[in-house]
Amino acid sequence: MAAVTRLCCVLRLSFEGVGALRALGGAAHLSSLARPSPTQYAPVTAALQQNRHSSFFNKLTADELWRGVLAESGAGARKGRGKRTKRKMKKDLNRGQNLGEGRAGYLWPGLNTPVYKDGSVQKPSQRGEAEQKEVTAALERQRDEWDKRRKTKIKRERGWTGYSWGGISLGPPDPGPNGETYEDFDSRVIEVKSVFNVTAKESRKRSISALVAVGNGNGAAGFALGKAADKNTALRKAKNRAMHYLYYIERYNNHTIYHDIESKFKRTTLRMKKQNKGYGLRCHRAVITLCKLIGIEDMYAKVDGSVNLLNITRALFHGLANQETHQNLADKKQLNVVEFRAEQGTLPIVVARPQMGARKEPEVEDDVPNTRLHWADVKASQGVKRSVWSGVKRTIW
Amino acid sequence: MAVFSFTRCLVRSYFCVKYVDHVQTLLQTTTRMFSVSASRSSFVDVPKAQFTDTEVQDILTKITGLDLKKVFRPIRQQLTPPKYKLMTDTELEESVCKAEKQAKHLLKMPPVLPERKPINDVLSEDQMLEGMDTANYVFTDINFNVPHRERFIVVREPSGTLRKATWNERDRIIQVYFPKEGRKITPPPIFKEENLRMVFEQDRHEDVLNQCVVQFEPDSVEFKNVLILTYEDIEKHGKYDLLRSTRFFGGLAWHLVNGQRIDGLLVDMLQRDLMQDAVRLVRLFNLVHPQSESAQHAQRQQATDLDLLKIYAQYESKRAGFIDLAVQTYEQTKALSSF
């Protein structure tokens, strides 16, 4: 390839009368003209001008050139030394260019213009000055429009905060291999963090870890962790993996849990309290996201200890999965479970009856209930709690 | 004794006012104030049944029914999470009994009293004080231990006359000095005719009646007016079920029986298969109108249960066909089920 192109880089002899001898990439032409002419014909006054038609722009492909410009794999890019703001975008320069369109504005039948016109073959011709100006102006405008469209920033839906990926929805998971679709499931990102692994070959190998939860709002939900070198792959992996690890969670009247739960996982304690309809989800933002996916609408939750998001998720799912429904409680204790609501006075509402029938001996209740109190709850109920956020009136939960 | 009962009456909240127990004392005090001898017109041979008779009250409570779910409907208040108890069957029955007792307490009927007579008592006329001011002066006795019915409230008019305050003025002044929860000084605009019509379209008869019981005294003109309007509307549209299992059903039944218009209510009961209630209603009608044909026939034949219905359908009712048909179907189904 290089040898052929080098043949073109030859002395271009200017003959009078030959006229328009354009550089049609003319490798064969000029080489054939060059070799025998000076010896055979009579000497002609020729002004030798050096004219190179091939430079390194012609010798290399577009990809190679762009690789050189962008410098993606240099010493600077490795080990995370590259600056975040300096990043050039690769642009396809062939877009918008047609074979045959040039600065001079020649019309080549077969390329610019149709070959046959009114039955006869057309000859190459040239456009007028004004027309050519118009054509070039239109091309410029088109290129500018493409550039502008590329530059416009698509507004990303805001998660828990402007920059964080927590709480952002990724849509339904991808369909399975046997054609099953999961259209009624919604997936939400809980956490996206970049983690490093030290390897022998490269010192710190960076990868993105994404914790995604999926749920259909009707009790079926699950979560999974996905890791990959780039963010989108990690999110996709986690989203699809979460569908393989689903929990079914029982809800009371489809809006809250059956009873107060205190679940502990590693160093994270999650205290959840059952609430009435209309209370809303007054919890940690991750717990709110997860409860919305499960379908719980009213609950109070407090995270004590470590606030590690993965541990919070695991504590929540373990606690909710090990709930005791009213029917379970009735069967376990062999007694009727009766509900008393304050807004309905003293009316007893039987919620669950044991399958074998209730036993005769009533439940023994001590005067002092054997529950462990939490100092924060005691302070809140006594009114001793001094917090600017405790009495604040919020409209969105 | 009457004093204590009255103060207790005032202090209690308006959902649980024990009216029937104190109706006797109310009547006594009104008679004491005006020294009107209780002379009933004795033109009827058989004594007419009164609202306060035990038999009448018994019948009215029975036809009101006791639907716990309706009586203990969720009321509008700050919600709290529910509480759970593990109970045996006996404990459950006990709690249901307690709930029924509470329901009976809530279903105590507001009293049906004769309309209070207007007060036109002038205490003195002083020509000298004429033109002393442009407004009336009201002098009230605000001793705490005086029952409201016995309070002295007098008005000095610009013309110099010192007179006892009218019932309207009395109610307003007592509300100013001894405000009762839920009662407004001027009656709210819901009690106007056109507003009442709108409320009735929304089927909120019970709310109107509750408000009326709070706002007005049971023997006042406005109270009776509102009650009559409500009852008329219910009778016109046949919405008897709205008041069933509330404390106003007795009053509705009493009003209809007195007006001799129990056909609609009877038909409604028969449609809902409440045979016993229908029989009780006819018995109440016979008690209240002992000189009517059906009562006399029933007396002669010593009829019971369905025969009462048949007699009533035969002689008094305008929708005899429907009642007869219903009685027949009931007898047939009873015969079939007994086989």
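Scroll up for the structure.
Here goes a summary of the coordinates provided. Keep in mind the model is a prediction, meaning the values are calculated, not measured.

## A closer look at the interface of chain A and chain B
Much of the literature gives interface size as the accessible area that the parts lose upon coming together. Across the contact, 32 residues belong to chain A and 23 residues belong to chain B. Interface of chain A and chain B: buried area, both sides summed, is about 2400 Å²; carbon and sulfur atoms make up 63% of it. Looking at the side of chain A facing chain B, the largest losses of area belong to Phe340, Glu343 and Leu347 of chain A, adding up to 25% of the total buried there. Our enumeration of links across chain A and chain B arrives at zero salt bridges. At the surface where chain A touches chain B, the tally comes to ten residue pairs in polar contact (both at pLDDT 80 or more).

## With respect to the environment of serine 338 of chain B
Tracing the backbone through its elements, the reader meets serine 338 of chain B in helix H15 (residues 320–338). C-alpha separation for the pair serine 338 of chain B and phenylalanine 178 of chain B, spaced 160 residues apart in sequence, amounts to 62 Å.

## Details of the sheet that holds strand S13 (residues 299–305) of chain A
Residues and elements named next belong to chain A. Spatial strand order, S10-S11-S13-S12: four strands in an open sheet with mixed pairing. Every interior strand has two partners, whereas the edge strands, strand S10 (261–265) and strand S12 (281–282), have only one. Across two bridges, S12 lies against S13 in parallel orientation. Bridge pairing in S13 places arginine 282 opposite tyrosine 300. The strands touched by helix H9 (residues 309–321) are S10, strand S11 (268–274) and S13; relative to S10, the strand with the most contacts, the crossing angle is about 135°.

## Things to note about the sheet that holds strand S1 (residues 83–87) of chain B
Pairing within the open sheet is antiparallel, and its three strands lie in the order S15(A)-S14(A)-S1(B). The open sheet is flanked by strand S15 (348–352) of chain A together with S1 of chain B, the only strands paired with a single partner. Across the sheet, the axes of successive neighbouring strands diverge by a mean angle of 40°, strand direction being ignored. When strand S14 (residues 336–340) of chain A meets S15 of chain A, the two strands line up antiparallel, connected through four bridges. Across the sheet, residue valine 338 of chain A finds its bridge partner in S15 of chain A, namely valine 350 of chain A.

Calculation rules
- Residues numbered from 1 in each chain as written.
- Chains lettered and ligands numbered in written order.
- Predicted model: local features only at pLDDT ≥ 70, side-chain atom pairs only at ≥ 80, totals over all residues.
- Heavy atoms only, no water.
- Contact = heavy atoms within 4.5 Å.
- Buried area = accessible area lost by both parts, 1.4 Å probe.
- Salt bridge = Lys/Arg side-chain N within 4 Å of Asp/Glu carboxyl O.
- Polar contact = N/O pair within 3.5 Å; in protein donor to acceptor, adjacent residues only side chain to side chain.
- Helix = DSSP H or I, 4+ residues; strand = E, 2+ residues; numbered from the N terminus.
- Pairing = 2+ DSSP bridges.
- Axes fitted to C-alpha atoms, helices over the stretch in contact; angles between N-to-C directions.

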